[in-house]
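Residues per chain, in single letters:
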Amino acid sequence: MKWLIFFVASLGLGLASSSYDHYRLPTAIRPQKYHLSILTHLDGPKALTFSGTVKILLEILENTNNITLHSKGLTIDESQTILTELNGEEKQDICVSSTEVNPTHDYYILNTCQELVLENYYELTLSFSAEVNRKLVGYYRSSYPDPEANETRWITMTQFEPASARLAFPCFDEPSYKASFLVTLGHHQKYTSLSNMPVKESQPHELILNYVWTEFQESVPMSTYLVAYSINDFYYKPSILPNGVHFRTWARPNAIDQCDYAAEFGPKVLQYYEELFGIRFPLPKIDQIAMPDFESGAMENWGLVTYRETNLLYSNSSSSLDAKELVASVVAHELAHQWFGNLVTMKWWTDLWLNEGFATYLATMSVHHINPEGGIKERQSVGDIWETFRQDSLETSNPISRPIQMASQIVQSFNVISYKKGSSVIRMMHLFLGDEAFRAGLKTYLEMFEYSNAEQDNLWETLTQAAHESGALPRNFSVKTIMDTWTLQTGYPVVNVIRNYAEGNAELTQERYLRNSEVPRSKYKSCWWVPLSYTTQSELDFNNMSPRDWLECSKEGLSQPKKIENLPRADQWVILNTQVATPCKINYDAQNWKLLINTLTTGRYESIHLINRAQLINDVLSFAWTGDQDYETALKVVAYLPRERELLPWKAAFSNIRLINRIVRRTAQGGLLKRYIKKLLPPIYHYVNGINDTFAYIQHQDGIALKISIVSMACQYQVEDCIPRALNYFREWRTEPNPDKNNPVPVNLRSIVYCTAIRHGLDEDWEFLWTRYKRSNEADEKVDMLNSLGCTRAVWLLRRMLDLSFDPKSAIRRQDSMTSFNAVADNEIGFQLAKQYFMHNVELIYKFYQPTVRSMLRLLTPLSTQIIDPKEFREFEDFVSRARPWLKGIEETVQQTLEKMRITVQWKERNYAKFNSAIRKFL
Ligand code: BES
Ligand code: ZN
């Protein structure tokens, strides 16, 4: 008998609220299999709605009187609910006495008339419907213009991670509830449907004319957040894989010619991972698809990977080489997840870094493997470490692995710490374990937990075992002892090196590095196990990154000073942390710094490894920021740069100088830094051949990145002929009869040329670029244009851009609103406008993004580095306390923003005068 309730209930309305209020699902029931069928209407009278049925096979682990699962924003037609007990061949319907909801944790609870008993199986069927929403999460809509028909085309896609599957169908929406999925999609026959698995069969809809049901094969056991499906009218490029996996790359018809690179690169990476892990990709097919509207950067849905267009599409004629490398690394990241994340999933979001840290690290490894000359390994590893240093020097930072209780905390965990600190500590581990033990440990981990879930301790165990077997670690060392100090604690150490020149040794101590210099370092008694690699001026062995010794922690977790012996004579430097194997900073005594400065400025500076040269600059400038060094010493280190011909040391200097410039450019002494850069840059500007289009002669990505970096600084700081030449390029473009088709500006210089031209140009230049923006068919080009539109100094245009950013009807898509807001806020004139706009319109902005708070987070970044006066700071602080309801879900990031602001204000108070007088000595 069918259980019936004669009304249709909408969740949250008129239903009893529940007594179960824990943030995790009860553990009495396990879903084993979902039959999910979704009927989507893209046009016609029921435009952009869907209805669905889900039949869930349930295993009972403890006797229980209710079924509690997740559902949010769905209208559940309770008259269609069926609960059946499966007993061999027999089936028996069981009635549901009442239902409840818990809106805090998105629960839908069915109370059953009789107890569901241990070891029995039941089948629950629920029918539901909703709108295909505009929010970029759950089951959402996207659109693109079809210029030929002059129409808007609608398509659908899902985005479920971390907790949005519940918006699309009722389910047990936690990562450890793995089940297999049988998806069936109903849609008009003119569309294609895609899901995680290949199509099994297709048949006409029983009622609706021209509609079909497409049934997909049963999936392997997987978490709900990895389920995906889409109805679209896209085209694809097929690729061939030797092992028979069907690999397709999809895009809207007009962009299909931008798929070639991803279609060529994707299969290479997939194959690399298969070899690296020794585990085959388990699905028969994989699709990657470029979505015109997308909330984040990309998403690793098993077998159906989704991307923002900029992260998958690449145009041979008009994309920069940066864009190409971006596609490669995003594809590599998402494909790494097919193992780290999809095959083995974290037990709970606490260990999100097991997904994101590994995907980040493996992406660098694989792009390097496929394209070893590009230099990505050095650039990316160091880049990840620097970002970690910046973020993790805040008191308000968080550990890699941390308790998670609220959905909003999950979202805020997709941050620098999980991704970049995660990847940096994995790199450290790879280096101290060596390749053999590292790979063997990972392989065991993947095999042991495939189709299941793991936590970090599981990984520590397999790695320790592998390390002991290979002899990579002594028997009395465990990976857990070492690594827990890196993943369970916030922050990272600075290692202080005090040499005894007479005795030829050095005493090493560690303390937590904090950017806020008002906080005494002794406040935190943290200790890290630090692998100590080092080399000396006579050895120059930078390639040996394995530890010669360790900085250890006592059982109580206190740091133990360490003496290292057999150091060289007093006239020779030592450098610790070869190639920055470990994400820690090193501060030396004055004499050692002096020796280093000598080699850099007058000796063979190249004898110090590139990465260490970059790190010396990065360290000394941050030590000067925090008062651990004086600016004069720091600038002495930087002073060798005119000799430098490699990217990373320049990058180290520029990223620190940019922070200072954000402060001084709005002060009366701002000219000093400009003069300084004008003096520093010319030799390297000439070396890279200035702004001339010489890209065809540069062989590797590194060289291109160097040139772009230098030219960009040169145009910003008015060095040599950069600005007039940039304006020339732009003028040539403006005079083209068909500028949408023909663009004479060299592709790799476009973002610099556009920004410079808009900054120094007329309103008409802005309008010209805005028109090109609206007409462009290429996503990466559009991002460059949008960023450049924010370079204008015309207040009215900046203000117009802010309005356009949050106007749902404007030509700027919601997914790009952060880019355009940030383009304005990064501008020295736009900053005040953007800040005011944010403070006055926070409610509007909040509602614009709801429920995807992650986008809102990004607006805070440019604000955090440009508030320079105590009064400005207090104003923002007051705003934060007034605006609480509109900053809901991003509280942690708001606190971090306030800390960053406090640190900036502090710098101005303490260091502004010191910096100015130091820099004068170098002019
Ligand atoms: N798993 C994430 C996607 C994601 C991010 C889902 C945040 C939910 C919330 C994906 O693998 C990812 O990491 N995407 C990055 C881009 C990536 C190439 C670094 C992103 O979206 O920022
Ligand atoms: Zn990821």
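Residues numbered from 1 in each chain as written. Chains lettered and ligands numbered in written order. Predicted model: local features only at pLDDT ≥ 70, side-chain atom pairs only at ≥ 80, totals over all residues. Heavy atoms only, no water.

**Thoughts on the domain arrangement of the chain**
Per the domain assignment, the segments making up the chain are domain 1 (1–233), domain 2 (347–487), domain 3 (493–639) and domain 4 (652–688 + 710–717 + 749–920). In this structure, domain 2 and domain 3 have C-alpha centres spaced 24 Å apart. Contacts between the two partners involve 22 residues from domain 2 and, on the opposite side, 30 residues from domain 3. Buried surface at the junction of domain 2 and domain 3, both sides included, amounts to about 2300 Å², of which 66% is carbon and sulfur. Ranking the residues of domain 2 by area buried against domain 3 places Phe-389, Glu-395 and Trp-486 at the top, with a combined share of 28%. There are 1 salt bridge connecting domain 2 and domain 3. (Domains from an automatic or database assignment. Contact = heavy atoms within 4.5 Å. Buried area = accessible area lost by both parts, 1.4 Å probe. Salt bridge = Lys/Arg side-chain N within 4 Å of Asp/Glu carboxyl O.)

**Digging into the nonpolar core**
Taken as a class, soluble globular proteins show a tendency for nonpolar side chains to be buried jointly. Ranked by internal contacts, the top residues of the largest apolar core, which has 312 residues, are Phe-169, Tyr-229, Tyr-273 and Phe-838. For this core, the leading source of residues is helix H6 (residues 416–448), giving 13 residues. Apart from residues no more than four positions distant in its own chain, Tyr-273 is found in contact with Gly-278, Ala-332, Leu-335, Ala-336, Trp-339, Leu-362, Ala-363 and Ser-366. (Core = buried A, V, L, I, M, F, W, Y, C linked by side-chain atoms within 4.5 Å. Buried < 20%, exposed > 50% of the residue type's maximum accessible area, 1.4 Å probe, protein only. Helix = DSSP H or I, 4+ residues; strand = E, 2+ residues; numbered from the N terminus.)

**Quick look at the site of ligand 1**
Close contacts around ligand 1 come from 16 residues, with Glu-161, Gly-297, Glu-300, Glu-334 and Tyr-419 the closest. Note that a nitrogen atom of ligand 1 is positioned 3.3 Å from one of the backbone N or O atoms of Ala-298. Here an oxygen atom of ligand 1 sits 2.6 Å away from a polar atom, N or O, in the side chain of Tyr-419. Protein chains bury 86% of the 510 Å² of accessible surface belonging to ligand 1 in isolation. Looking at the shell around ligand 1, the elements with two or more residues in it are strand E22 (298–299) and helix H2 (321–337). Here the shell around ligand 1 gets 4 residues from one element, more than from any other, and that element is H2. Its residues assigned to classes, the shell around ligand 1 comprises 6 nonpolar, 5 polar and 5 charged. Formed jointly, the shell around ligand 1 draws a minimum of three residues from each of two domains, domain 1 (1–233) and domain 2 (347–487). (Near = heavy atom within 4 Å. Polar contact = N/O pair within 3.5 Å; in protein donor to acceptor, adjacent residues only side chain to side chain. Areas by Shrake-Rupley, 256 points an atom, 1.4 Å probe, with all protein chains shown as cover. Nonpolar A, V, L, I, M, F, W, Y, C, P; charged D, E, K, R; others polar.)

**What about the sheet that holds strand E20 (residues 246–251)?**
Strand pairing in a sheet relies on backbone hydrogen bonds, with the paired strands running either antiparallel or parallel. The strand order across the open sheet formed by 5 strands is E19-E20-E21-E23-E22, and the pairing between neighbours is mixed. Two strands bound the open sheet, and with one partner strand each, they are strand E19 (235–239) and E22. Two elements, strand E21 (residues 285–291) and strand E23 (residues 304–308), share 5 bridges in a ladder whose sense is parallel. Each bridged residue has a counterpart across the sheet, and for Ala-290 the counterpart in E23 is Tyr-307. Sheet strands in contact with H2 are E20, E21, E22 and E23, and its direction is about 150 degrees off that of E23. (Pairing = 2+ DSSP bridges. Axes fitted to C-alpha atoms, helices over the stretch in contact; angles between N-to-C directions.)

**Some points on the UniProt feature "site: Transition state stabilizer" (unreviewed entry) in the chain**
UniProt annotation of "site: Transition state stabilizer" (unreviewed entry) refers to Tyr-419 when read in the numbering used here. Within the secondary structure, Tyr-419 is located in helix H6. Among the residues examined, Tyr-419 registers a relative accessible area of 18% and is labelled buried. (UniProt positions renumbered as here; feature names shortened; annotations may be inferred.)

**Quick notes on the pairing of strand E14 (residues 180–188)**
Buried residues dominate E14, accounting for 9 of its 9 residues. Two strands pair when backbone bridges link them, and strand E3 (residues 29–41) and E14 are joined in this way by 7 bridges, in the parallel orientation. Each residue of the ladder has a partner; that of Leu-36, found in E14, is Val-183. Pairing geometry for E14 and strand E17 (residues 211–216), over 5 bridges, is antiparallel. Bridging across to E17, Leu-185 finds its partner in Thr-214.

**Notes on the sheet that holds strand E31 (residues 562–564)**
Strands sit in the order E31-E27-E26-E33 across an open sheet of 4 strands; the sheet is mixed. Each end of this open sheet is capped by a strand with a single partner; those strands are E31 and strand E33 (585–588). Taken pair by pair, the neighbouring strands of this sheet meet at an average axis angle of 30 degrees, ignoring direction. The sheet contact formed by strand E26 (residues 493–500) and strand E27 (residues 505–512) spans 8 bridges and is antiparallel. Counterpart to Asn-500 in the pairing with E27 is Asn-505. Along the sheet, helix H10 (residues 610–626) contacts E26 and E33; its crossing angle with E33, the most-contacted strand, is approximately 75 degrees.

**Digging into helix H23 (residues 842–849)**
Among all positions of H23, only Val-842, Ile-845, Tyr-846, Phe-848 and Tyr-849 are buried. Projected onto a plane normal to the axis of H23, the buried residues spread over an arc of 160 degrees and lie on a single side. Its buried side turned inward, H23 meets helix H20 (795–805), helix H21 (817–826), helix H22 (830–840), helix H24 (853–864) and helix H25 (870–882). (Arc of directions from axis to C-beta.)

**Looking at the state of the cysteines**
According to the stated counting rule, one finds 4 disulfides in the structure shown. Covalent S-S linkage joins Cys-95 and Cys-113, the inter-sulfur distance amounting to 1.8 Å. Torsion about the S-S bond of the Cys-95 and Cys-113 cystine: about -120 degrees, corresponding to left-handed handedness. Here Cys-95, found in the loop between strand E8 (90–93) and strand E9 (96–102), pairs with Cys-113, found in strand E10 (residues 107–116); they are 18 residues apart in sequence, far enough to count as distant. Overall, Cys-95 belongs to the partly exposed group, its relative accessible area being 29%. Classification of Cys-113 by relative accessible area gives partly exposed; the value is 42%. Between Cys-527 and Cys-553 runs a disulfide, and the two sulfur atoms are separated by 2.1 Å. Handedness here is read from the sign of the S-S torsion; for Cys-527 and Cys-553, about -95 degrees, the answer is left-handed. Residue Cys-527 is found in the loop between E27 and strand E28 (530–532), and its partner Cys-553 is found in the loop between strand E30 (549–551) and E31; the two are separated by 26 residues along the sequence. Disulfides within the chain link the bonded cysteines, taken in sequence order, as 1-2, 3-4, 5-6, 7-8. Summary of cysteine pairing: Cys-584 is not part of a disulfide, and the nearest cysteine sulfur, belonging to Cys-527, is at 12 Å. (Disulfide = S-S within 2.5 Å.)

**A word on the packing of aromatic side chains**
On inspection of all chains with the given rule, the structure shows 61 aromatic pairs. Note on Tyr-631 and Phe-915: the rings are 5.2 Å apart at their centroids and 80 degrees apart in plane angle, and the pair reads as edge-to-face. You can see Tyr-631 sitting in helix H11 (residues 631–638) and its partner Phe-915 sitting in helix H26 (residues 891–920), a full 284 residues away along the chain. The same class applies to Tyr-631 as to Phe-915, namely buried. Following the ring pairs from residue to residue traces out a cluster consisting of Tyr-272, Tyr-273, Phe-277, Phe-281, Trp-339, Phe-340, Trp-353, Phe-358, Tyr-445, Phe-449 and Trp-460. Above the face of the Trp-348 ring, Arg-24 is positioned so that its terminal group lies 3.8 Å from the ring centre. Above the face of the Tyr-773 ring, Lys-782 is positioned so that its terminal group lies 4.8 Å from the ring centre. (Phe/Tyr/Trp six-rings, centres within 6.5 Å; stacked < 30°, edge-to-face > 60°. Lys NZ or Arg CZ within 6 Å of the ring centre and 35° of its normal.)

**Description of the confidence of the model for the chain**
Mean pLDDT over the chain stands at 95; residues scoring 70 or higher make up 98%. Low pLDDT, under 50, characterises residues 1–15; the stretch is placed with 33 contacts to residues that sit more than four places away or in other chains. (pLDDT = per-residue confidence, 0-100.)

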